[in-house]
Amino acid sequence: MINLLLCGNKKFFDGVLTQLISIKNRTNEAINCYIFTMDASRLNKEYICMTDDQIDFLNDVVKSKNPESEVTKIDVTEIYEREFLNCANEKAYCTPYTLLRLLADLIPEIPDKLLYLDIDIMVGKDISILYNINIEDYEYAAVREKYGSKLIRPDYINAGMLLLNMKKIKETKLLEKARELIKTKKLLFADQDAIFRSTTKKLILPRIYNEQSSFNRKDTVICHFCKRLLLLPYPRIENYKQWNVEEVHSILKCHYFDNDLEEYKNLVKQFEMREKEAMV
């Protein structure tokens, strides 16, 4: 069983769907996927929980490959409000949903080993290759951040992929320390900085486990469709996600996930049809 953690709201459905398609198409082992969600509509009217209908549909998708796979929705609104209400980083560079991973040690059902993935990720190979890495002596395993490792510190990590040893994390109180930083100190990269600063011992993995620059490498296990800073022919930032299928093809020139994205388009139509039928 591979235990995953994803975090997001209703509008993150396309990201979760594309990611889970890429995982189940390459992994035979059962996937146990926890989705942390919350209602933060006090900040933005679009910040509402993933719906039960969305979760049910995602369940059908993963079970189509392995009947033992499961997607579980965990509403962490109450815990989030208790921990982070009006904190210094609630309106950070990204949405407050990036902070939800910092609550993992407070959820009783979370297992001792957990793979956290950002929503804008596709999986290029059997995810068990990553999940089965031994991290018994570490709090987590991660990959260096493509810019931060050059501008901040050589071991600065990208928190978009974290292979978490929850047992060790509870012993060292990593997430507890990270939450305290989030509450009290304004951080440039919020949750990522908080995790990095609170770390006692981490395992640095090769870039294939969180590829942040190239989208067509055949050895890539985790392909991260994160923001890119491009200097030529003029300085600009590109931020195209995997569900922006046209841009993935025309601008990123990525065709590695074409079969997954074709399946995504068909499944989205099925979900929309199911929603319409439910309203009749």
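Structure's up top.
Residues numbered from 1 in each chain as written. Predicted model: local features only at pLDDT ≥ 70, side-chain atom pairs only at ≥ 80, totals over all residues. Heavy atoms only, no water.

(A) Representation of the pattern of salt bridges in the model. Taken as a whole, this structure holds 19 salt bridges when the rule is applied. Residues Asp 60 and Arg 274 are paired through a salt bridge, measuring 3.0 Å at the closest nitrogen-oxygen approach. Of the two residues, Asp 60 sits in helix α2 (residues 52-63) while Arg 274 sits in helix α10 (residues 258-279), which places them 214 residues apart along the sequence. Residue class for Asp 60 comes out partly exposed when judged on its relative accessible area of 41%. A relative accessible area of 34% places Arg 274 in the partly exposed class. (Salt bridge = Lys/Arg side-chain N within 4 Å of Asp/Glu carboxyl O. Helix = DSSP H or I, 4+ residues; strand = E, 2+ residues; numbered from the N terminus. Buried < 20%, exposed > 50% of the residue type's maximum accessible area, 1.4 Å probe, protein only.)

(B) Examining unusual backbone geometry more closely. Located in the positive-phi region is Lys 173, a residue other than glycine, with phi close to 65°. What makes Lys 173 partly exposed here is its relative accessible area of 43%. Of note, Ala 190 is a non-glycine position whose phi angle comes to about 40°, a positive value.

(C) Here's a closer look at the packing of aromatic side chains. Applying the stated rule across the entire model yields 10 aromatic pairs. For the ring pair Phe 13 and Phe 57, a centre distance of 6.3 Å and an interplane angle of 55° mean the geometry is tilted. You can see Phe 13 sitting in helix α1 (residues 13-24) and its partner Phe 57 sitting in helix α2, a full 44 residues away along the chain. Per residue, the accessibility class of Phe 13 equals that of Phe 57, and both read buried. Pairing Tyr 47 with Tyr 97 gives two aromatic rings, centres 5.5 Å apart and planes at 90°, and the pair type is edge-to-face. One end of the pair, Tyr 47, is in the loop between β2 (31-37) and α2; the other, Tyr 97, is in the loop between α3 (77-84) and β4 (113-117), and 50 residues separate them in sequence. (Phe/Tyr/Trp six-rings, centres within 6.5 Å; stacked < 30°, edge-to-face > 60°.)

(D) Layout of the sheet that holds strand β7 (residues 157-165). Read across the sheet, 7 strands follow the order β3-β2-β1-β4-β7-β6-β8 without closing on themselves; strand pairing throughout is mixed. Both outer strands of the open sheet, β3 (70-75) and β8 (202-205), are each paired with one neighbouring strand and no more. Shown here is a sheet whose adjacent strand axes are inclined to one another by a mean of 25°, direction ignored. Pairing between strand β1 (residues 2-7) and β4: 2 bridges, direction parallel. Paired with Leu 5 across the strands is Tyr 116, a residue of β4. Each of β1, β2, β3 and β4 is contacted by α1, which is oriented at about 165° to β1, the strand it contacts most. (Pairing = 2+ DSSP bridges. Axes fitted to C-alpha atoms, helices over the stretch in contact; angles between N-to-C directions. Contact = heavy atoms within 4.5 Å.)

(E) Quick peek at the pairing of strand β6 (residues 140-144). Burial within β6 is extensive, with 4 of its 5 residues counted as buried. Here 4 bridges tie β6 to β7, and the two strands are oriented antiparallel to one another. Bridge pairing in β7 places Val 143 opposite Asn 158. Where β6 meets β8, 4 bridges bridge the pair, whose relative direction is parallel. Looking at the pairing, Ala 142 lines up with Ile 204 of β8.

(F) Focus on the nonpolar core. Ranked by size, the top nonpolar core spans 52 residues in total, and within it Leu 4, Leu 17, Leu 117 and Leu 130 carry the most contacts. For this core, the leading source of residues is α1, giving 6 residues. Here Leu 130 is in contact with Leu 115, Met 161, Leu 163, Leu 205, Tyr 209, Val 221 and Ile 222, once residues within four sequence places are set aside. Core analysis: the second largest hydrophobic core is formed by 42 residues, Cys 87, Tyr 97, Met 166 and Ala 194 among them. (Core = buried A, V, L, I, M, F, W, Y, C linked by side-chain atoms within 4.5 Å.)

Everything listed is a geometric property; what it means functionally is a separate question.
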